[in-house]
Amino acid sequence: MTTAHGQDLDALYQEIILDHYKNPHGKGLREAHPDHTAEVHHVNPTCGDEVTLRVHLHDGVVEDVSYDAVGCSISQASASVLHDLVVGKSVDEAMEIHQEFLTLMQGKGTVEPDEDVLEDGIAFAGVAKFPARVKCALLSWMAWKDATARVSSGAVASGADGDEKA
Amino acid sequence: MSLEGLLPELAVIRKDFPILERTLAGGLPLVYLDSANTSQKPQVVIDTMVDHLERHNANIARAMHQLGAESTEAFEAARDRVAGFIGAPDRDEVIFTKNASEALNLVANTLAWAGDRQVGPGDEVVITEMEHHSNIVPWQLLTQRTGATLRWFGLTDDGRLDLSAIDELINERTKVVSLTWVSNMLGTINPIAEITRKAHAVGAIVVVDASQAAPQLPIDIAAMPAEERPDLVAFTGHKVVGPTGIGVLWGSRAVLDALPPFLGGGEMIETVRMEASTYAGIPHKFEAGTPPIVEAIGLGAAVDYLGHIGMDAIHRHEQAITGYALEGLQSVKGLTVLGPLDAASRGGAISFELDGVHPHDIAQVLDSRGVAVRAGHHCAKPAHARFGVQSSTRMSSYLYTEPREIDALVEALEYTRSYFKLD
């Protein structure tokens, strides 16, 4: 049965999202460097989705993002896309991509995504129409921003508590 | 299709609930299987509340005019109806609260304060691993604040309380045992009488979270033998076809009298001087401020409605639907039900996992087919952790649920499997 609602469902679960869900990129926690890596743990308290995420920065470049996550297809696929988009970029560039993704997700479906910037991330445009799922898509992105801020500010060595509610 | 035990007037009952007539996006009929989350409301509850607001609205117990008298009478009549619904030995033992959480917090807070029942260092409070967060966190707060120790019953693999260590767990240090009557996640019905007998034997009080029990089990507190009768019972209005914003704490007069007041304010006092005050007797001692008046009146209409249909008949209906649902769900490949598999020993909330699809994704696909369920941890994270799962999908039925809605759920789950290309 194809209904208006059924089409929305296909907009939500784009093939790209389901592909990332089944074969996530960069998944698994990789070794931390004491001075260049921060680890954070973010949860979505309403649904229980969780991500533990490590960011490794070196000379202003995002060298690696590694993560261990449990959650729905949207949250898992979004972590995978995050990994693809920010690893190898300068922190400044990565922050711009982050902002672009945030704007897309908070746009309630009215923002036209820029494929040159967001690549596979454009598949999440449909998610923005489902308010309950926006937090799923943003979980790992918010964790990444938090961890990156911690490495940049040197909070790593102080062993700052990385537990944060999304 | 007809199942043994279904309410004979099911078609008529469904007509009492106007929301069941509505359609969702794409013109799909609503299949509402989220009643353990909140139940739908019959027309009589809606009309009673509208009529009160249109014709009788006034503050209660303090307005010296005709509307005030009508409003007070309606509010107190609602207390009588609730007392009748649970078989309270005394209508003044029925305290109106905001919800079940507030009722449980009322008890857990007042037990921390000076009084005959005060909990302190060396005392123990016992709960269970299958509690809703609202029956865990208040007791964590109580024990942390008083230096008492929090202990709990674990669960067996089939989702029942593990009672093997009951004699060690409930001992002379135990001051409070607080547990759910029916689990909101596993559906398990707990042996309240047996546990209460043990607790009373060591002088502990028993608090029962009846949020899931009150909607589906006949409750007659006065008929329980004293040694098996809990001391305090909490439930919420919105799960028994009443409105939100109103809950109930029933407590035995002896225990309620022994607890100090909870919130201070208007209506809970006897007299107030600048130096100190004296307090009203129950129930007003625990009802500071203007209460949720129209909500209480709506709840009175709700329990009256359930009483007319009969809680025995509603319980049989729930069991019939639950049995049918357990059968249907287990026919879905890769689906595992969490909790007891025997409809007779469980309530109408059934949580399950489906291999390869996350509960949020299941709920999303079901919603696109008009089927409303809950997905997540259902405010029972420890119970999920016990079974090694992070979240689950939960269907829950009520007196208006039809077998064809269970069929729609099963069909939508099959569709979910195909949508996510399983097998």
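Residues numbered from 1 in each chain as written. Chains lettered and ligands numbered in written order. Predicted model: local features only at pLDDT ≥ 70, side-chain atom pairs only at ≥ 80, totals over all residues.

As for the overall build of chain B
Secondary structure summary: chain B contains 13 helices and 15 strands in total. By the compact-globule yardstick of 22 Å for 423 residues, chain B fits well, its C-alpha radius of gyration being 22 Å. In chain B, which comprises 423 residues, the proportion classed as buried is 52%. Taking the intrachain contacts of chain B between residues at least 6 apart in sequence as the baseline, contacts between residues at least 24 apart amount to 73%. (Helix = DSSP H or I, 4+ residues; strand = E, 2+ residues; numbered from the N terminus. Rg over C-alpha atoms; globule rule 2.2 N^0.38 Å. Buried ≥ 20, exposed ≤ 12 C-beta atoms within 10 Å, placed from the backbone. Contact = placed C-beta atoms within 7 Å.)

Topic: the overall build of chain A
Looking only at helices and strands, chain A has six helices and four strands in total. Reading chain A from its N end, one meets helices and strands in the order α-α-β-β-β-α-α-α-α-β. The buried share among the 166 residues of chain A stands at 42%. Within chain A, counting contacts between residues at least 6 apart in sequence, those at least 24 apart form 64% of the total.

Brief notes about the sheet that holds strand S7 (residues 232-236) of chain B
All names here are of chain B. Judged by pairing direction, the sheet is mixed, and its seven strands sit side by side in the order S2-S8-S7-S6-S5-S3-S4 without closing on themselves. Each edge of the open sheet is held by one strand with a lone partner, namely strand S2 (94-97) and strand S4 (149-153). Across the sheet, the axes of successive neighbouring strands diverge by a mean angle of 20 degrees, strand direction being ignored. Here S2 runs beside strand S8 (residues 247-251); their pairing, made up of four bridges, is antiparallel. (Pairing = 2+ DSSP bridges. Axes fitted to C-alpha atoms, helices over the stretch in contact; angles between N-to-C directions.)

What to know about the sheet that holds strand S11 (residues 335-338) of chain B
Residue and element names in this part refer to chain B. As summarised here, the arrangement of the four strands in space is S11-S12-S15-S14, forming an open sheet in which the pairing is antiparallel. Two strands lie at the open edges of the sheet, namely S11 and strand S14 (374-376), each paired on one side alone. For this sheet the average axis-to-axis angle between neighbouring strands, irrespective of direction, equals 30 degrees. In this structure, S11 lies alongside strand S12 (residues 349-354), joined through four bridges in antiparallel fashion. Counterpart to Thr-336 in the pairing with S12 is Glu-353.

Some thoughts on the interface of chain A and chain B
Each side of the interface is counted separately: chain A has 14 residues, and chain B has 14 residues. A class-by-class count of the residues in the side of chain A that touches chain B yields seven nonpolar, seven polar and no charged. (Nonpolar A, V, L, I, M, F, W, Y, C, P; charged D, E, K, R; others polar.)

Some remarks on the pairing of S8(B)
Strand residues, when the strand is regular, have side chains that alternate between the two faces of the sheet. Residues and elements named next belong to chain B. With five of five residues buried, S8 lies mostly within the body of the structure. Here S8 shows two buried faces, one formed by Gly-247, Leu-249 and Gly-251 and the other by Val-248 and Trp-250. The pairing of S7 with S8 spans five bridges and is antiparallel. Considered in S8, the bridge of Ala-234 is made with Leu-249.

With respect to the environment of B:Ala204
All names here are of chain B. Mapped onto the elements, Ala-204 comes out in the loop between helix H7 (192-201) and strand S6 (205-209). Distance from Ala-204 to Lys-175, taken between C-alpha atoms, is 4.4 Å for residues 29 residues apart in sequence. Beyond its immediate chain neighbours, meaning those up to four positions away, Ala-204 contacts Ile-170, Thr-174, Lys-175, Val-176, Val-177 and Ala-199.

Observations regarding the pairing of S7(B)
Residue and element names in this part refer to chain B. Buried residues dominate S7, accounting for five of its five residues. Relative to S7, S6 is paired through three bridges, and the arrangement is parallel. Among the inter-strand pairings, Asp-209 is bridged to a residue of S7, identified as Ala-234.

Some points on helix H3 (residues 73-86) of chain A
All names here are of chain A. Counted at 1.5 Å a residue, the expected span for H3 with its 14 residues is 20 Å, and the 20 Å between its end C-alpha atoms agrees. Of all 14 residues in H3, 13 are buried, a share of seventy percent or more. Backbone geometry just downstream of H3 places Gly-88 in the positive-phi region, at approximately 95 degrees. (Expected span 1.5 Å × (residues − 1).)

Quick notes on the environment of B:Glu287
Within the fold, B:Glu287 resides in the loop between strand S10 (277-279) and helix H9 (293-309). A sequence separation of 25 residues divides B:Glu287 from B:Phe262, and the C-alpha atoms of the two residues are 8.5 Å apart.

Looking at the environment of B:Thr143
Residue and element names in this part refer to chain B. Mapped onto the elements of the fold, Thr-143 is located in helix H5 (residues 137-146). Separated by 22 residues in sequence, Thr-143 and Pro-121 place their C-alpha atoms 8.4 Å apart. In contact with Thr-143, other than residues within four places in its own chain, are Val-125, Ala-148, Thr-149 and Leu-150.

Points about the confidence of the model for chain B
When the pLDDT values of chain B are averaged, the result is 96; 100% of them are 70 or greater. Here the predicted complex carries an ipTM of 0.80, next to a pTM of 0.92. (pLDDT = per-residue confidence, 0-100.)

Brief notes about the packing of helix H4 (residues 91-105) of chain A against helix H6 (residues 131-152) of chain A
Residues and elements named next belong to chain A. Contact geometry of H4 with H6 gives a least axis separation of 11 Å together with a crossing angle of 155 degrees. Taken together, the axes of H4 and H6 lie roughly antiparallel to each other. The two elements H4 and H6 cross, and the hand of that crossing is left-handed. Contacts from Val-91, His-98, Phe-101 and Met-105 of H4 reach H6 at Val-134, Ala-137, Leu-138, Trp-141, Lys-145, Thr-148 and Ser-152. (Parallel < 35°, antiparallel > 145°, perpendicular 65-115°, else oblique. Left-handed = near helix turned anticlockwise from the far one by under 90°.)

Some remarks on the confidence of the model for chain A
Low-pLDDT stretches of the model should not have their predicted coordinates read in fine detail. The share of residues in chain A with pLDDT of 70 or more is 89%, and the mean pLDDT across the chain is 87. Within the model, the stretch residues 157-162 of chain A combines pLDDT values under 50 with six contacts to residues more than four positions away or in other chains.

Concerning unusual backbone geometry
Cis geometry is found at the peptide bond from B:Ile282 to B:Pro283, where omega equals 0 degrees. Mapped onto the secondary structure, B:Pro283 falls in the loop between S10 and H9. Positive phi values are uncommon outside glycine, yet A:Lys108 reaches one of about 55 degrees. Its place among the elements puts A:Lys108 in the loop between H4 and helix H5 (115-118).

Quick notes on H6(A)
Residue and element names in this part refer to chain A. Between the first and last C-alpha of H6 there are 32 Å, a value that for 22 residues agrees with the 32 Å anticipated at 1.5 Å per step. Largest kink in H6: about 45 degrees, centred on Leu-138. Immediately beyond the C-terminal end of H6, within one or two residues, lies Gly-154, with a positive phi of roughly 75 degrees. (Bend = angle between axes of the 7 residues up to and from the residue.)

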